[in-house]
Amino acid sequence: MRNTKPETRRRGTPDFQLLILTLLLVGFGVIMVFSASSSVALLNKDYNFDSLYFVKRQAAFAILGLFIMFVAMNIRMEKYKKLFVPLFFITILLLVIVLFTGSLNGAKSWLRFGSIGFQPTELAKISIILYLSALIVKKGDRFRDLRTGYIPVTVIVGFVAGLIMLQPDFGSCFILVATSGLIIYAGGASVKHITASIGLLLLGAALVFGVGSLFGGNSGTTDGQATANQDYKIGRFQAFLDPMEYKLGTGYNLVQSLQAIGEGGLSGSGFGKGIIKLHYLPNSFNDFIFSVIGEEFGFIGTAIFLMLYLYFIWRGMIIALRCHDPFGTLVGTGIMGLIAIQAFINIGGVTQTIPITGVTLPFISFGGSSLLVTMFSMGIMLSISRENTKQAVQERTTGVAVRTEVPNRFQTRRANRSR
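I will try to describe carefully the structure that is included in this document. From a predicted model like this one, the values you see are computed outputs, not experimental measurements.

## So, the packing of aromatic side chains
- Going through the model one piece at a time under the given rule, you end up with 19 aromatic pairs.
- Centre to centre, the rings of F271 and F297 are 6.4 Å apart; their planes meet at 40°, and the pair counts as tilted. Here F297 lies in helix α11 (residues 289-322) and F271 lies in the loop between α10 (252-264) and α11, a separation of 26 residues in the sequence.
- Owing to a relative accessible area of 39%, F271 belongs among the partly exposed residues under this scheme.
- Taking the relative accessible area as the measure of exposure, F297 reaches 25% and is therefore partly exposed.
- Here a set of aromatic residues connected by ring pairs shows up, and it is made of F28, F271, F290, F297, F305, Y309, F312 and F363.

The structure is reproduced here in structure tokens:
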């Protein structure tokens, strides 16, 4: 009878630090969506003059996301190794279908189901992580070979990125490529191959940018505003270099964002007391929600938020690196890398660190698609943590350390340092 209890305990316990941090970020996101959107919704008939319009939707998505996270947390990693193929092909199908739908703000990024919208690009981010991780582990040492390993993987990434660029959605495309590059590097790809790929990517981007500048038409900007025939992406880059010159055009959002953060000062104006969000800063509850945080909580509150976010990412990376299964390590590295990259792009854009690309701040910004997929990703991370604790219990019980099947780059370095 004494041996039955350990046998029935088939799964380990989830990492409670990561779980609590996730809940804190989601809760804070719902609160900030209310602060940033209530005044806009209250005075707009499209939102039924309901100040709680956005926060009710975000809270509903958060509850559904929690359910998805707990379900994903209870799925074994072996199942994800089998589910990645159908999930990947469903994602490709949705990315193709969305190209034939109506456009919104000049982009075909949304699938509409009544009043509910869904962005397939959000699903593509987690799908490519699972697909690449499984493919790299399956190839093993052959992955370092250029012809049979590296090129097929990069072709897959390029194909998915191309579908996203057709929408067009440059921000999501960059995030997907950067996350894929992190997984490819962690999987043991040759640095020489990666460097050559980056060079080709930069060359291609320069050619596209140059052709767009040549044929896009940049004349007629007399008062700093981007003219109707000026390429919008070039206008954003120009606004990044000198937002005040384009403060009435493509630089308007950035100027308002910087003003909001500057008004926050050291301690902020207080929760709900921000001014810039009151019809001055568009999308204050979406792409520019960090600006609202900066104005209402100031430098001190923003620093605490960023430290919490960094600790969350660090904790997730520790869980990924402790995983004995290389598939789990690559998936965990990809998920936490995805969140870190997207957060950097969002915060960097609204603070004029990098050009604005229009991506959401994970967990915080309003958006059902982003929140649901992010919560699903955290369910996978918690599943990895359960496998880690289960493995640790087995090793303590049997006294035998379980070796990984194919050591990836991070695990190999960790093993070398421990010798």
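## Side note on empty space enclosed by the protein
- Going through the model one piece at a time under the given rule, you end up with two cavities of 30 Å³ or more.
- Counted as a void, the largest cavity has a volume near 90 Å³.
- Lining the largest cavity are E122, K125, I335, L338, I339, Q342, P362, S370, V373, T374 and S377.
- Breaking the lining of the largest cavity down by element, the ones donating at least two residues are α5 (120-139), α12 (326-350) and α13 (368-398).
- Classifying every residue of the lining of the largest cavity by side-chain character gives five nonpolar, four polar and two charged.

## A word on the packing of α5 against helix α6 (residues 146-165)
- Two elements in contact, α5 and α6, have axes separated by 11 Å at closest approach and are oriented at 175°. Relative to α6, the element α5 is oriented roughly antiparallel. Across the interface between the two elements, T121, A124, I128, Y131, L132, L135 and K139 from α5 touch T148, G149, V153, I156, V157, V160 and I164 from α6.
- Counted by class, the contact of α5 with α6 contains 10 nonpolar, three polar and one charged residues.

Calculation notes
- In every chain, residue numbers begin from 1 and rise along the written sequence.
- Side-chain atom pairs in this predicted model are given and counted only at pLDDT of 80 or more, local residue features only at pLDDT of at least 70, and totals for whole chains, interfaces and linings cover all residues.
- Side-chain measures were taken over the full set of non-hydrogen atoms in the model, leaving aside hydrogen atoms and water.
- In summary, the pairing rule links any two rings of Phe, Tyr or Trp, Trp by its six-membered ring, whose centres are within 6.5 Å, and it sorts them by plane angle into stacked for under 30 degrees, edge-to-face for over 60 and tilted for everything else.
- Each helix is a run of DSSP H or I of at least 4 residues and each strand a run of E of at least 2, with the numbering of both proceeding from the N terminus.
- Between buried and exposed lies partly exposed: a residue is buried under 20% and exposed over 50% of the maximum accessible area for its type, with that area taken using a 1.4 Å probe on protein chains only.
- Of the two site types, the cavity is a set of points on a 1 Å grid over the protein atoms alone where a 1.4 Å probe fits but cannot get out, and the pocket is an open set with protein on both sides within 12 Å along at least five of seven lines, each lined by residues with an atom within 4 Å of a point.
- Grid points are joined across faces, edges and corners, and a volume is the space filled by probe spheres set on the points.
- Under the scheme applied here, ten amino acids are nonpolar (Ala, Val, Leu, Ile, Met, Phe, Trp, Tyr, Cys and Pro), four are charged (Asp, Glu, Lys and Arg), and all others, including Gly, are polar.
- The axes are straight lines fitted to the C-alpha atoms, using for helices just the contacting stretch, and the angles between their N-to-C directions are given from 0 to 180°.
- In this scheme, roughly parallel covers angles under 35 degrees and roughly antiparallel covers those over 145, while 65 to 115 is roughly perpendicular and the rest are oblique.
- Two residues form a contact once any of their heavy atoms are found within 4.5 Å.

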